[in-house]
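Listed below are the residues making up each chain.
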Amino acid sequence: MRIEAHTLARMLSRRRRMELGFKALAVTTLAIALGSLALLLLDAIADGAGRLSWQFLTSFPSRKPEEAGILSALVGTVCLILLTAVFAFPIGVGAAIYLEEYAGKSWFSRVVEVNISNLAGVPSIIYGLLGLELFVRAMGFDRSLLSGALTMALLVLPIIIISSREALRTVPRSIREASFALGADRWQTIWHQVLPLALPGILTGSILAFSRAIGEAAPLITIGALTYVAFLPDGLFAPFTALPIQIFNWVSRPQAGFHANAAAAILVLLAVLLLMNALAVFLRQRYQKRLNL
Amino acid sequence: MDETTALEVHDLNAWYGHTQALRNMSLSMMERRITAVIGPSGCGKSTFIRCLNRINDLMPGFRVAGRVLFKGQDLYAPGVDPIEIRLRIGMVFQKPNPFPKPIYDNVAYGPRLCGIKERARLDALVEESLKKAALWDEVKDKLHHSALALSGGQQQRLCIARALAVEPEVLLLDEPCSALDPIATGRIEELLLDLKKNYTMVIVTHNMQQAARVSDTTAFFMLGQLVEFGPTSQIFTNPRDKVTEDYITGRFG
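Here is what the cut-offs are and how they apply
- Counting restarts for each chain: residues are numbered from 1 in the order of the written sequence.
- Each chain is given a letter, starting from A, and each ligand a number, starting from 1, according to the order in which they appear as written.
- Reporting in this predicted model follows two pLDDT cut-offs: at least 70 for local features of residues, and 80 or more for side-chain atom pairs to be given and counted; totals over whole chains, interfaces and linings ignore these cut-offs and use all residues.
- Where side-chain values are given, they derive from all heavy atoms of the structure, hydrogens and water being excluded.
- Only the contacting stretch of a helix is used when fitting its axis, a line to C-alpha atoms as for every element, and angles between N-to-C directions run 0 to 180 degrees.
- By definition, any uninterrupted DSSP run of H or I lasting at least four residues is a helix, any uninterrupted run of E lasting at least two residues is a strand, and each is numbered from the N terminus.
- Relative orientations are named as follows: roughly parallel for angles under 35 degrees, roughly antiparallel for angles over 145 degrees, roughly perpendicular for angles from 65 to 115 degrees, and oblique for any other angle.
- By definition, any crossing whose near helix is turned counterclockwise from its far helix by less than a right angle is left-handed, and any crossing with a clockwise turn is right-handed.
- We call two residues in contact whenever any of their non-hydrogen atoms come within 4.5 Å of each other.
- Here, a salt bridge means any side-chain nitrogen of Lys or Arg that lies within 4 Å of a carboxyl oxygen of Asp or Glu.
- Here a polar contact is recorded for every N or O atom pair within 3.5 Å, except that within protein the pair must consist of a potential hydrogen donor and a potential acceptor, and residues adjacent in sequence are included only if both atoms are side-chain atoms.
- Burial status follows relative accessibility: with a 1.4 Å probe on protein chains alone, a residue under 20% of its type maximum counts as buried, one over 50% as exposed, and anything between as partly exposed.
- These domain boundaries are the output of an automatic or database domain assignment.
- Amino acid classes used here: Ala, Val, Leu, Ile, Met, Phe, Trp, Tyr, Cys and Pro are nonpolar; Asp, Glu, Lys and Arg are charged; the rest, including Gly, are polar.
- When DSSP finds two or more bridges between a pair of strands, those strands are recorded as paired.
- Grid points spaced at 1 Å and placed over the protein atoms alone form the basis of the search, with a cavity being a set where a 1.4 Å probe fits but cannot get out and a pocket an open set showing protein on both sides within 12 Å along at least five of seven lines. Lining residues have an atom within 4 Å of a point.
- Grid points are joined across faces, edges and corners, and a volume is the space filled by probe spheres set on the points.

Peer 1: For this particular structure, what's the right way to read the packing of helix H3 (residues 71-102) of chain A against helix H6 (residues 145-169) of chain A?
Peer 2: Between two packed helices, both the angle of their axes relative to each other and the distance between the axes serve to describe the pair. All names here are of chain A. Relative orientation of the contacting elements H3 and H6 amounts to 40°, with a least axis distance of 6 Å. The orientation of H3 relative to H6 falls into the category oblique. Between H3 and H6 lies a crossing of right-handed hand.

Peer 1: Even after reading the chapter, I still don't get the interface of chain B and chain A, so can you show me in this structure?
Peer 2: Bring the parts together and some accessible area is lost; that lost area is often taken as the interface size. In this assembly, 24 residues from chain B lie in contact with 22 residues from chain A. Of the charged contacts, one joins Arg-50 of chain B and Glu-177 of chain A as a salt bridge, the two residues approaching to 2.4 Å between their closest N and O atoms. At the boundary of chain B with chain A, the tally comes to four residue pairs in polar contact (both at pLDDT 80 or more). Listing elements by their share of the side of chain B that touches chain A, those giving two or more residues are helix H2 (82-88), helix H3 (103-113) and helix H6 (152-164) of chain B.

Peer 1: Would you take a moment to explain unusual backbone geometry for this structure?
Peer 2: Negative phi is the rule for most residues except glycine; trans is the rule for most peptide bonds. Residues and elements named next belong to chain B. If you check the backbone angles, Ala-134 has positive phi at about 55° while not being a glycine. Position of Ala-134 among the secondary structure elements: in the loop between helix H4 (119-132) and helix H5 (136-139). Residue classification places Ala-134 among the partly exposed residues on the basis of a relative accessible area of 34%. Located in the positive-phi region is Glu-167, a residue other than glycine, with phi close to 55°. Its place among the elements puts Glu-167 in the loop between H6 and strand E7 (170-174).

Peer 1: Quick question: what am I supposed to make of the domain arrangement of chain A here?
Peer 2: Residues and elements named next belong to chain A. In terms of domain boundaries, chain A breaks down into domain 1 (2-51) and domain 2 (55-292). Between domain 1 and domain 2, the contact holds seven residues from the first and 12 residues from the second. Here domain 1 and domain 2 share zero salt bridges between them. The tally of links from domain 1 across to domain 2 stands at three residue pairs in polar contact (both at pLDDT 80 or more). Grouping the amino acids of the side of domain 1 that touches domain 2 by side-chain chemistry returns four nonpolar, one polar and two charged.

Peer 1: Quick question: what am I supposed to make of the environment of Thr-204 of chain A here?
Peer 2: Residues and elements named next belong to chain A. Looking at the element boundaries, Thr-204 is found in helix H8 (residues 186-214). On the basis of relative accessible area, Thr-204 is assigned to the buried category, the value being 11%. Measuring from C-alpha to C-alpha, the distance between Thr-204 and Leu-83 comes to 18 Å, with 121 residues separating the pair along the chain. The contact partners of Thr-204, leaving out residues within four places of it in the chain, are Ala-280 and Arg-284.

Peer 1: Just checking my understanding: could you explain the side chain of Arg-176 of chain A for this structure?
Peer 2: Residues and elements named next belong to chain A. With respect to the secondary-structure elements, Arg-176 resides in helix H7 (residues 173-181). Within polar-contact distance, the side chain of Arg-176 engages the side chain of Glu-101 at 2.6 Å. Those residues in contact with Arg-176, other than ones at most four positions away along the chain, are Glu-101, Leu-168, Val-171, Thr-189 and Val-194.

Peer 1: Mind showing me how you'd approach the pattern of salt bridges here?
Peer 2: Side-chain pairs of opposite charge can arise where the charged atoms are in close proximity. All names here are of chain B. Scanning the entire structure with this criterion turns up 26 salt bridges over all chains. Glu-189 is the partner of Arg-213 in a salt bridge, and the nearest nitrogen-oxygen pair spans 2.6 Å. Placement of Arg-213 in helix H8 (residues 208-214) and of Glu-189 in helix H7 (residues 182-195) is noted, with a sequence separation of 24 residues between them. Assessed through its relative accessible area of 47%, Arg-213 is described here as partly exposed. Among the residues examined, Glu-189 registers a relative accessible area of 7% and is labelled buried. Beyond isolated ion pairs, a larger network of salt bridges with shared partners links Glu-31, Lys-71, Glu-84, Arg-88 and Glu-169.

Peer 1: Before we go on, may I ask you to explain the sheet that holds strand E1 (residues 5-16) of chain B in this structure?
Peer 2: Backbone-to-backbone hydrogen bonds join strands into a sheet, with any given pair of strands oriented parallel or antiparallel. Residue and element names in this part refer to chain B. Strands sit in the order E2-E1-E4-E5 across an open sheet of four strands; the sheet is antiparallel. This sheet does not close on itself; its edge strands, each paired only once, are strand E2 (19-30) and strand E5 (73-74). Pairing of strand E4 (residues 62-70) with E5, which is carried by two bridges, proceeds in the antiparallel orientation. Its bridge partner being in E5, Phe-70 is matched across the sheet by Gln-73.

Peer 1: Explain the packing of helix H5 (residues 124-138) of chain A against H6 of chain A to me, please; I cannot follow it from the model alone.
Peer 2: Residue and element names in this part refer to chain A. Where H5 meets H6, the axes come as close as 9 Å, and the angle between the chain directions of the two elements is 135°. The pairing of H5 with H6 is recorded here as oblique in orientation. Crossing of H5 over H6 shows right-handed handedness. Mapping the contact onto sequence places Ser-124, Tyr-127, Gly-128, Leu-130, Gly-131, Phe-135 and Val-136 in H5 and Ser-147, Leu-150, Thr-151, Leu-154, Leu-155 and Pro-158 in H6. For the contact of H5 with H6, the per-class residue count stands at eight nonpolar, five polar and no charged.

Peer 1: Even after reading the chapter, I still don't get the sheet that holds strand E6 (residues 89-92) of chain B, so can you show me in this structure?
Peer 2: Residues and elements named next belong to chain B. Strand order in this open sheet of six strands is E6-E7-E8-E3-E9-E10, and the pairing throughout is mixed. Looking at strand neighbours, the two that pair on one side only are E6 and strand E10 (225-231), the edges of this open sheet. The average undirected angle you get between the axes of adjacent strands in this sheet is 15°. Against the sheet, H6 touches E6 and E7, its axis set at about 170° to E6.

Peer 1: Just to check I follow, could you spell out the layout of surface pockets for this structure?
Peer 2: Approximately 720 Å³ is the volume attributed to the largest pocket. Around the largest pocket, the lining comprises 28 residues; the ones closest to its centre are Glu-100, Glu-101 and Lys-105 of chain A together with Leu-58 and Pro-60 of chain B. When residues of the lining of the largest pocket are traced back to their parent elements, those giving at least two are H3, helix H4 (107-120), H6, H7 and H8 of chain A. The computed volume of the second largest pocket comes to approximately 470 Å³. Along the walls of the second largest pocket sit 17 residues, with Leu-40, Leu-41, Ala-44, Ile-266 and Leu-270 of chain A positioned nearest its centre. At the level of elements, helix H1 (5-48), helix H10 (243-251) and helix H11 (256-292) of chain A are the ones that each hand at least two residues to the lining of the second largest pocket. Among the elements that take part in the lining of the second largest pocket, H11 of chain A stands out by supplying nine residues, more than any other. By residue class, the composition of the lining of the second largest pocket is 14 nonpolar, one polar and two charged. Counting contributing residues per domain, the lining of the second largest pocket is built from domain 1 (2-51) and domain 2 (55-292) of chain A, each supplying no fewer than three.

Here it is, written out as structure tokens:
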């Protein structure tokens, strides 16, 4: 088919306009996303930066806003997330290994798969209710750090399983076959070849899951974590508080001083999150370098 | 030289799900000979060779019927451990697939799985295997560099060395040169002819010149069936079957 020159020119100029329009649309959506994030950050900095100080980080909460600090909340959050990782990481990775490497394609594994994907979307407060019934009451752990960590572990487990499976799936079949052809059994193949290759992906996915848990307040409030804690947790069964709860508490106070505290605590929480994401990037880079030597 | 049978295949049938890949295959492979398997794509060459060390057991939905005798023992008899089979029947794949680890660790992988830990013994095994695979001189100064830094041809020889390190009796090669240039291919072929002194080999190849150059016996497959099987010289100069003749003279496929 021959197209006349002026028809072609018109067609091309229309295409160029379309192209430009889509580009503008994409840039706008990005600007909206980044802009609202920047606005949030700037707002928190404007309100809270003045309150950030060593004293703020090392003081317990107080009735006077200018004397209050986040020591117990910060320590609580760090302990909570470490403990969550201790429970959720091995179980999540183990479940992913089973589903990906051992289970095969039976109806059972399909049912499990669908359910795990569903669980990843269940609102966090539901996990709080489960934790309240199971850990706080039935198992008698009370409103302790342990109950909180176990609840959080349940919350992040589906995400860890899903991202670990993705990571395991990226290991090429040729590597597995090479290992089997040399007389390795399934576990040796997983341990020596599959896991080292999948580890950067598993770690990244897990750390992102934990950083989601760090920001959660709802399940902790449901299991009854305290809002006013003037001591540090001294064991698994100690009562505790965490940064999101402290922020929630301060925001709901009428005094402006507490609002500034909340903003400052938000900045600290963001810093912790940033640190964890940096750790994820660092680990990924390090392992990838080791693999490429 | 004595002509002992190493591998004997009787009425082998294989399926992926509902698709039958092999139909009533019967042939035997002689000890310390190279048997070439040729045929157009999808004719079952790879499936066939992958039945010989039971690596296809790992494919979901794969099923096999018939017997594969290795020195008289049926590989598919109940109670046979596929791991033991794979230690005695090694395999080299189409695409070089070294582990993303140092050269040394690639070769030492198999022996280490068998529980060999002494450094001196591993060192000796690694050196010996790399020498057998004609790679030692090129890599002896960089044993602890990544295997991924090697060229494609070197990687494939490393894979051969890795397979030899577990001291198998048979070596299965599934199109080992299809990803290599002619010079690297030539080196591998030389190597195979040299290894023939000690190993039984089965090689799947798309390259008919290669089959003619290296093999003693050739099997021609079509659509999952064995069309012709005989001495390589006879298959290439005086094929009995019309289809074989058409294929090797390049009239199709």
